[in-house]
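Summary of structural features
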Amino acid sequence: MLFSDILGQEHIKSHLTKSADFGRIPHAQLFVGPEGSGTLPMAIAYAQYLLCKNTDGENSNGNESCNLKFKNISHPDLHFVFPVAITDKVKKHPVSKHFMEEWRELVERQPYGNLFDWYRILGIDNKQGQIGVDEALEIVKSLSLKSYEGGHKVMLIWMAEKMNTSAANKLLKLIEEPPNKTVFILIAEDEEQIINTIRSRCQVLHFPPLAENVIKEALIKNYQIPESDAIKIAHQANGNYNKACDTVYSDSEDTQFEDWFVFWIRSAFKAKGNKSAIHDLISWSETIAKTGRETQKQFLNFCLDFFRQALLLNYNADSLVFMEPKSSFKLEKFAPFVHGNNIMEISEELQDAIYHIERNGNSKIILTDLSIKLTRLLHRKSN
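The rules behind these values
Residues numbered from 1 in each chain as written. Predicted model: local features only at pLDDT ≥ 70, side-chain atom pairs only at ≥ 80, totals over all residues. Heavy atoms only, no water. Pairing = 2+ DSSP bridges. Helix = DSSP H or I, 4+ residues; strand = E, 2+ residues; numbered from the N terminus. Axes fitted to C-alpha atoms, helices over the stretch in contact; angles between N-to-C directions. Contact = heavy atoms within 4.5 Å. Buried < 20%, exposed > 50% of the residue type's maximum accessible area, 1.4 Å probe, protein only. Disulfide = S-S within 2.5 Å. Phe/Tyr/Trp six-rings, centres within 6.5 Å; stacked < 30°, edge-to-face > 60°. 1 Å grid on protein atoms, 1.4 Å probe; cavity = no way out; pocket = protein on both sides within 12 Å on 5 of 7 lines; lining within 4 Å. Points joined across faces, edges and corners; volume = space filled by probe spheres on them. Nonpolar A, V, L, I, M, F, W, Y, C, P; charged D, E, K, R; others polar. Right-handed = clockwise from strand over helix to strand, strands pointing away.

1. Remarks on the sheet that holds strand E3 (residues 153-158)
Across the sheet, which stays open at both edges, the five strands sit in the order E2-E3-E4-E1-E5 with parallel pairing between neighbours. Edge positions in the sheet fall to strand E2 (78-81) and strand E5 (203-206), since each of these pairs with one other strand and no more. Across the sheet, the mean angle from the axis of one strand to that of its neighbour is 20 degrees, orientation sign disregarded. Where helix H6 (residues 133-144) meets the sheet, it contacts E2, E3 and strand E4 (182-188), and its direction lies at approximately 165 degrees from that of E3.

Okay, structure coming up:
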């Protein structure tokens, strides 16, 4: 993967290549960035720079046979770890090496993809993947072997926040004192979910969201769409190139999420003193509860964004509003109902619901409870 193909993040590219050129290679690094900021492609490009002994800040002038292996994501000294779960193909003790074919598909098709995209490829969007103790044992085994080409070995752990406590404890010593010429690259969206003992052993690099102009130029180059459309999509993407690509393909889950959200809000407004609307809310809860837990969490995060956008519009911060509903639902008409007197509680209720769903609570009960609370909060006056 060429550094020149990675969008933006020039200061991070420069830091990584220059530190490698001078031989200053930390044994454990943590790349933290929001979805669509390019943490995964940057980690792969950096691993290629190290393993193929490339120079001058690009992956095209070192060991050519090594660079070719990276094109197919098949270098024997590059090891991948990512969240997995039991599938029709792997009935027990799932680990990353069982899913390399699917992983190469994600990296080739959606290098800026998120966990939801990965679970869809695996066909487990009704489950929650994790990096468990079986995986930790595989990591220990892989890194106990000598490197295939006599240079560095790189262990790339994607979505490291999905590592459970047992796996993290198993890897503590290895991350602190890895074998000679072994490099750990951990990638995460939420740094706070990684246990402190792992985080403290890593050098942390923070990736900012991508600039609108960077996303616009990439859309024009990769999809040949008119500049006016690219500007609009880049604004709506809010620094997330994965979301921008989904919008181009009309493949974004946001369209379905918006339909669910609009029905939910309209039912919540009607519910005060209206028994039939309460039935609508219960029916809505049952519909969402039938989807996978990852979809439910993704939807509730979408709701959080929608409420925040309404709040910004209500307080005249129009330049920060990127959301444009595709239905007849008008954000400007909804905005006055989201204000300083209810936004904190709405946000807390949504985050609590995400927390309980993540811990395998009964989705129907959690969502019904959330709906009833939302009805009360939306009818609260601003002062």
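2. Re unusual backbone geometry
Phi is positive for His-93, close to 45 degrees, though the residue is something other than glycine. Within the element layout of this structure, His-93 appears in the loop between E2 and helix H4 (100-109). Overall, His-93 belongs to the exposed group, its relative accessible area being 53%. Residue Met-159 is not a glycine yet carries a positive backbone phi of 55 degrees. Among the secondary structure elements, Met-159 is positioned in the loop between E3 and helix H7 (165-176). What makes Met-159 buried here is its relative accessible area of 6%.

3. As for the state of the cysteines
Applying the stated rule across the entire model yields one disulfide. Between Cys-52 and Cys-66 runs a disulfide, and the two sulfur atoms are separated by 2.0 Å. What sets the handedness of the Cys-52 and Cys-66 disulfide is the S-S torsion sign, and at about -75 degrees it is left-handed. Note that Cys-52 is positioned in the loop between helix H2 (39-51) and helix H3 (64-71) and Cys-66 in helix H3, a separation of 14 residues in sequence.

4. Remarks on the packing of aromatic side chains
Overall, the coordinates contain 28 aromatic pairs when judged by the stated rule. Ring centres 5.8 Å apart and planes at 75 degrees place the aromatic pair Phe-3 and Tyr-49 in the edge-to-face group. Highlighted residues: Phe-3 in the segment before helix H1 (10-21) and Tyr-49 in helix H2, separated in sequence by 46 residues. With relative accessibility at 3%, the residue Phe-3 sits in the buried group. Members of the aromatic cluster, each reached through a chain of ring pairs, are Phe-257, Trp-260, Phe-261, Trp-264, Trp-284, Phe-299, Phe-302, Phe-306, Phe-307, Phe-329 and Phe-334.

5. Brief notes about empty space enclosed by the protein
Unoccupied space between atoms shows up once a probe the size of one water molecule is rolled over them. Taken as a whole, this structure holds four cavities of 30 Å³ or more when the rule is applied. Reported here for the largest cavity is a volume of approximately 150 Å³. Around the largest cavity, the lining comprises 13 residues; the ones closest to its centre are Lys-243, Asp-254, Met-323, Glu-324 and Lys-326. For the lining of the largest cavity, the secondary-structure elements that each account for two or more residues are helix H11 (241-249), helix H12 (254-270) and helix H14 (293-314). A per-element tally of the lining of the largest cavity places H12 first, with three residues. Within the lining of the largest cavity, the residues separate by chemical class into four nonpolar, four polar and five charged.

6. Side note on the pairing of E3
Counting buried residues along E3, six of its six residues qualify, which places the element largely inside the surrounding structure. Burial along E3 is two-sided: Lys-153, Met-155 and Ile-157 facing one way and Val-154, Leu-156 and Trp-158 facing the other are all buried. In this sheet, E3 lies alongside E2 in parallel orientation, the contact comprising four bridges. Along E3, the bridge assignment pairs Leu-78 with Val-154. With six bridges joining them, E3 and E4 adopt parallel strand pairing. When the bridges of E4 are listed, Trp-158 appears paired with Ile-187. What joins E3 to E4 is H7, and the crossover it makes is right-handed.

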